[in-house]
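The chain contents come next:
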Amino acid sequence: MSTFKTESISYKLALIGMLAAVCMALSALEGWLPPLPVPGARLGLANVAITAAMWLTGPVGGTAVGLCKVGFAFLTRGASAALMALGGTVLSLLITAILLPLVRRHRLTFVGVSVAAAGCHTVGQLLTASWMLSTAVVSYAPVLLLISTVSGTLTGLVLNALVPKLSVFSYHP
Amino acid sequence: MTKGRWFCRGDLIPIALCLAAAIAVCVWCTCRAQGQELCVTTPTEERVYALTDHREETIVGNNGLKLTLVIEDGAAYVHQADCPDQVCVHTGRLTRSGDSAACLPAGVVLTVRGEKDAAAPDAVAR
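The following paragraphs examine the structure supplied in this document. All residue numbers here refer to positions counted from 1 along the written sequence of the relevant chain. Starting at A for chains and at 1 for ligands, labels are handed out in the order in which the entities are written. Totals for whole chains, interfaces and linings use all residues, but because this is a predicted model, local features are given only for residues with pLDDT of at least 70 and pairs of side-chain atoms are given and counted only at 80 or more. Excluding hydrogens and water, the side-chain values take into account all heavy atoms of the structure.

**Points about the overall build of chain B**
(1) Moving on: Only DSSP runs of H or I reaching four residues or more are called helices, and only runs of E reaching two or more are called strands; each is numbered from the N terminus. Each helix and strand counted, chain B has three helices and seven strands in total.
(2) Moving on: The N-to-C order of helical and strand elements in chain B reads α-β-β-β-β-β-α-β-β-α.
(3) Moving on: Residue pairs at least 24 apart in sequence account for 36% of intrachain contacts in chain B once pairs closer than 6 positions are excluded.
(4) Moving on: Carbon and sulfur atoms make up 57% of the accessible area of chain B, which amounts to about 7,300 Å² in all. Every residue pair with non-hydrogen atoms within 4.5 Å of one another is taken to be in contact. Surface accessibility in these figures is a Shrake-Rupley result with a 1.4 Å probe; residues are shielded only by whichever protein chains are displayed.

Structure representation (structure tokens):
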């Protein structure tokens, strides 16, 4: 099934490490894509790995992968980008942890979770940005929220396709 | 498992909330009063320009850093700045009362005020 029935810490740790690597690779890949016309808007592909990690290994694993992504943003894009990523990631991790149980109870699919996470990521990012720069960045909020609805739906569809296949990883003989 | 399920009715709730938030912020942004004047604070002085002006100004801040400020069509923006981070340039157009941009290396702050804001301190009586 979808979660670990085993207490194998090393297996879980290896999986978290692997997903963290995937997450960073996706972040890098996203950096190479042509930038969206709105500053700060990103596709959020890395969120696929974070949500998968949270689904397979629980909230602690998901948080670890999310924080790896923030560390990666710090190394590649500097401190201010990392701070904004941190603001967004904390909020989106929180909402993902809250909503994933609803997916297990078939009330939501990953589309709902991803859209909520993307929206929260935008809100967190904008809150950090308005604290760091000026409240003028709030004027970007509508278009950023629209983009996160679309990108959240896309990453959610990817997760809906991917997670049933990934459940092979949670099988432990 | 979610096998075979691409979408369910519950997913519409986060989507609707996101869109509602976008609309709410949009409404809130347009409801704020159009700014009347731009207050430029540098380490040495404070200058006020009317936003209705059409002008280009060069502001010199700390460390000799220069900012090119453009005011046109009721909006002000920093067109060019010497500093490395370019935060004030990326802040974009300031139009509404309360909008602000800052260049920390140069110690320059731009704030848009409405007429009411400017008059407010005069109206305080104790």
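Moving on from the model shown.
**A word on the pattern of salt bridges**
All names here are of chain A.
(1) Moving on: Here, a salt bridge means any side-chain nitrogen of Lys or Arg that lies within 4 Å of a carboxyl oxygen of Asp or Glu. For the structure on display, the rule yields six salt bridges over all chains.
(2) Moving on: Where Arg42 meets Glu30, a salt bridge forms, and the shortest distance between an N and an O atom there is 3.1 Å. Taken together, the residues span a long stretch of sequence, with Arg42 in the loop between α1 (9–32) and α2 (46–57) and Glu30 in helix α1 at a distance of 12 residues.
(3) Moving on: Buried, partly exposed and exposed residues are distinguished by accessible area as a fraction of the type maximum, computed with a 1.4 Å probe on protein chains only: under 20%, between the cut-offs, and over 50%, respectively. By relative accessible area, Arg42 is classed as partly exposed at 30%.

**Section: the packing of helix α3 (residues 59–77) of chain A against helix α4 (residues 79–104) of chain A**
All names here are of chain A.
(1) Moving on: Axis definition: a line fitted to C-alpha atoms, over the contacting stretch in the case of helices. Angles run 0 to 180 degrees between N-to-C directions. Where α3 contacts α4, the two axes come as close as 7 Å, and the packing angle between them is 165°. As summarised for this structure, α3 and α4 are arranged roughly antiparallel, according to the angle between their axes. Handedness of the α3/α4 crossing: right-handed. Residues Gly62, Thr63, Gly66, Leu67, Lys69, Val70, Ala73, Phe74 and Arg77 of α3 form the contact with α4, whose own contacting residues are Ala79, Ala81, Ala82, Ala85, Leu86, Thr89 and Leu93.
(2) Moving on: When residues are sorted by character, Ala, Val, Leu, Ile, Met, Phe, Trp, Tyr, Cys and Pro go into the nonpolar class, Asp, Glu, Lys and Arg into the charged class, and all the rest, Gly among them, into the polar class. Split by residue class, the contact of α3 with α4 holds 10 nonpolar, four polar and two charged. Roughly parallel means an angle under 35 degrees; roughly antiparallel, over 145; roughly perpendicular, 65 to 115; everything else is oblique. What makes a crossing left-handed is the near helix being turned counterclockwise from the far one by less than a right angle; a clockwise turn instead makes it right-handed.

**Regarding the interface of chain A and chain B**
(1) Moving on: Taken together, the 32 residues of chain A in the interface contact 27 residues of chain B.
(2) Moving on: At the junction of chain A with chain B, the criterion picks out zero salt bridges.
(3) Moving on: Counting of polar contacts relies on pairs of N or O atoms within 3.5 Å, with two restrictions inside protein: one atom must be capable of donating a hydrogen and the other of accepting it, and residues adjacent in sequence are counted only when both atoms are side-chain atoms. There are four residue pairs in polar contact (both at pLDDT 80 or more) connecting chain A and chain B.
(4) Moving on: Secondary structure elements with two or more residues in the side of chain A that touches chain B: α5 (110–132) and α6 (141–166) of chain A.
(5) Moving on: Looking at the side of chain A that touches chain B, the element that brings in the most residues is α6(A), giving 11 residues.

**So, a nonpolar patch on the surface**
Residues and elements named next belong to chain A.
(1) Moving on: Side chains of Leu67, Leu83, Leu86, Val90 and Trp131 sit close together on the surface and give an oily, nonpolar patch of about 490 Å² of accessible area.
(2) Moving on: Ranked by residues supplied to the nonpolar patch, first place goes to α4 with three residues.
(3) Moving on: Residue placement: Leu83 occurs in helix α4.
(4) Moving on: We classify Leu83 as partly exposed; its relative accessible area is 36%. Two joining distances apply to patches: 9 Å for like charges and 5 Å for nonpolar side chains (Val, Leu, Ile, Met, Phe, Trp, Tyr), and every residue must have over 30% relative accessible area and no salt bridge.

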